[in-house]
Amino acid sequence: MQHNSHSCVHNRNHSSFHTQQPAGPVREIQIDPYIILDDELKYFYDDVRDLLQSGTSQPELDTIACYYFDGQGKALRPMVTMLMAKALNYHLNNESHQLVHKQRQIALFSEMVHSASLVHDDVIDQSDFRRGKPSVNALWNHKKVTMAGDYILSIASIMISRLRSDDVTIVLSQILTDLVQGEFMQLGSRETENERFAHYLTKTYRKTASLIANALKATAVIAQADDNVAEVAFQYGRNIGLAFQLVDDMLDFVSSTEQMGKPTAADLKLGLATAPVLFACEKYPELNPMVMRRFSEPGDVERAFELVHKSHGLEQTRFLAKKHCNEAIRLAQELTESPYQKGLQVVADLVINRMK
């Protein structure tokens, strides 16, 4: 009963708001995934830095490798991984510390692989800024930066091999294969108009969603969940991952550089046609030749930016992201109700409503 009396005290401050509501149960307080996972996430980046430091005696390698583990990221991937892990453990009625520790290493792996991919992306894209600070390749030479990305991957791989689960290793290795193939698709694509959207979605799955989907599946596999439960975890992650990237592609057109911590309209400048542009092509066919030449002629970037805003491209992108979020919520509801299972549904809201 104590909890309810606390809720009443809490809501007294909002009495003006509540007087306009019909009498009934007090509205549930929204769960904050980061708060319910405080124990798992509190020393997360310290642990990553310790792992990277203990693996090398080269101070510069250590400095570059640790550069993006400054605790300034959103930590979305480890948060969702641990949320699914704890929701699954509750569902399977197995909440042993040993299991949670193994699942946390899968979460560490997800963030390390993500950051290694950012390091490599920075070299490929030659970007100057990320997360509001100079990018790695703006500070160190490309060869060293590339090697530092490889180093992060190798330390992450050693950590996973220590779990001694072949099935987990197979699932997580798929992430690395997908990342490379996704990057290749992005570097070399000049597909025809009707193939373009399918190509974009496959590329997005490989570059972004596969990491989340397979990390979540791995937490189910290590918990010895059956194939159906593992598939729920995988599909939840796939949908959240696709929605996350669709929103990211949308924010590239609407957020300011200050908000995002990285330059906006960056995708167009890199010659990439993301969902908002592909949707806009339907209304403004003049975008098609620009997409084919990767916005390389003077004025292409500005004109494309303008046409995306004149079309319904951004609304359509958000609508598609919302569809994936709704599917993720439906999947989460297949698990036994718990704070973590509710947290998985909150994540879908966070993804669709984020501004940076």
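The structure this text deals with has already been given above.
Everything numeric here is computed off the predicted structure, so don't read it as measured data.

Student: Pulling in residues and values, what's your account of unusual backbone geometry?
Tutor: Positive phi, close to 55°, is recorded for Asn93, a residue that is not glycine. Topologically, Asn93 is positioned in the loop between α7 (76-91) and α8 (97-125). The phi dihedral of Arg294 falls on the positive side, at around 55°, and the residue is not glycine. Tracing the chain through its elements places Arg294 in the loop between α17 (287-292) and α18 (300-310).

Student: Describe the nonpolar core, and please don't skip the residues or the numbers.
Tutor: If you look at the biggest cluster of nonpolar residues, it comprises 106 residues, and the most contacted ones within it are Leu52, Ile106, Met112, Tyr236 and Phe295. In terms of residue count, the dominant contributor to this core is helix α13 (residues 227-254) (13 residues). Setting aside residues no more than four positions away along its own chain, Phe295 makes contact with Leu268, Gly271, Leu272, Ala273, Val277, Met290, Asp300, Val301 and Ala304.

Student: Provide a residue-level description of the environment of Asp227, including the pertinent values.
Tutor: Inspection of the secondary structure puts Asp227 in helix α13. Using a relative accessible area of 66% as the deciding quantity, one classes Asp227 as exposed. Considered as a pair, Asp227 and Lys217 are 10 residues apart in the sequence and their alpha carbons are 9.6 Å apart.

Student: Please set out the packing of aromatic side chains residue by residue, giving values where relevant.
Tutor: Scanning all chains against the criterion turns up 7 aromatic pairs. Centre to centre, the rings of Phe197 and Phe279 are 5.0 Å apart; their planes meet at 50°, and the pair counts as tilted. Of the two residues, Phe197 is situated in helix α12 (residues 193-222) and Phe279 in helix α16 (residues 275-283); the sequence distance between them amounts to 82 residues. Aromatic pair Phe253 and Phe305: ring centres 5.7 Å apart, planes at 25°, arrangement stacked. Residue Phe253 is located in helix α13, and its partner Phe305 is located in helix α18; the two are separated by 52 residues in the primary sequence. Note on Phe305: relative accessible area 29%, which makes it partly exposed.

Student: I'd like a description of the packing of α13 against helix α20 (residues 339-353), backed by residues and values.
Tutor: Two numbers describe how α13 lies on α20: the axes approach to 9 Å, and their chain directions differ by 20°. Here α13 lies roughly parallel to α20, going by the angle between them. Read as a crossing pair, α13 and α20 show a hand that is left-handed. Seen from α13, the contacting residues are Tyr236, Ile240, Ala243, Phe244 and Val247; seen from α20, they are Leu344, Val347, Ala348, Val351 and Ile352. Grouping the amino acids of the contact of α13 with α20 by side-chain chemistry returns 10 nonpolar, no polar and no charged.

Student: Give me the lowdown on the packing of helix α5 (residues 44-54) against helix α6 (residues 59-66), citing residues and values where you can.
Tutor: Packed helix pairs are specified by the crossing angle of their axes together with the interaxial distance, meaning the distance between the axes. Packing of α5 against α6 brings their axes to within 9 Å, and their N-to-C directions diverge by 155°. One finds that α5 runs roughly antiparallel with respect to α6. For α5 against α6, the interelement crossing comes out right-handed. Contacts from Arg49, Leu52 and Gln53 in α5 reach Asp62, Ala65 and Cys66 in α6.

Student: I'd like a rundown of the environment of Asp252, residues and numbers included.
Tutor: When you line up the elements, Asp252 lands in helix α13. Separated by 104 residues in sequence, Asp252 and Lys356 place their C-alpha atoms 9.4 Å apart.

Student: Go over the environment of Leu242, please, and point to the residues and values.
Tutor: For Leu242, the position within the fold is in helix α13. Through-space distance from the C-alpha of Leu242 to that of Ile212 is 9.6 Å; in sequence the pair is 30 residues apart. Among all residues touching Leu242, those that are not within four sequence positions of it are Leu201, Thr204, Tyr205, Ala209 and His324.

About the cut-offs
- Residues numbered from 1 in each chain as written.
- Predicted model: local features only at pLDDT ≥ 70, side-chain atom pairs only at ≥ 80, totals over all residues.
- Heavy atoms only, no water.
- Helix = DSSP H or I, 4+ residues; strand = E, 2+ residues; numbered from the N terminus.
- Core = buried A, V, L, I, M, F, W, Y, C linked by side-chain atoms within 4.5 Å.
- Buried < 20%, exposed > 50% of the residue type's maximum accessible area, 1.4 Å probe, protein only.
- Contact = heavy atoms within 4.5 Å.
- Phe/Tyr/Trp six-rings, centres within 6.5 Å; stacked < 30°, edge-to-face > 60°.
- Axes fitted to C-alpha atoms, helices over the stretch in contact; angles between N-to-C directions.
- Parallel < 35°, antiparallel > 145°, perpendicular 65-115°, else oblique.
- Left-handed = near helix turned anticlockwise from the far one by under 90°.
- Nonpolar A, V, L, I, M, F, W, Y, C, P; charged D, E, K, R; others polar.

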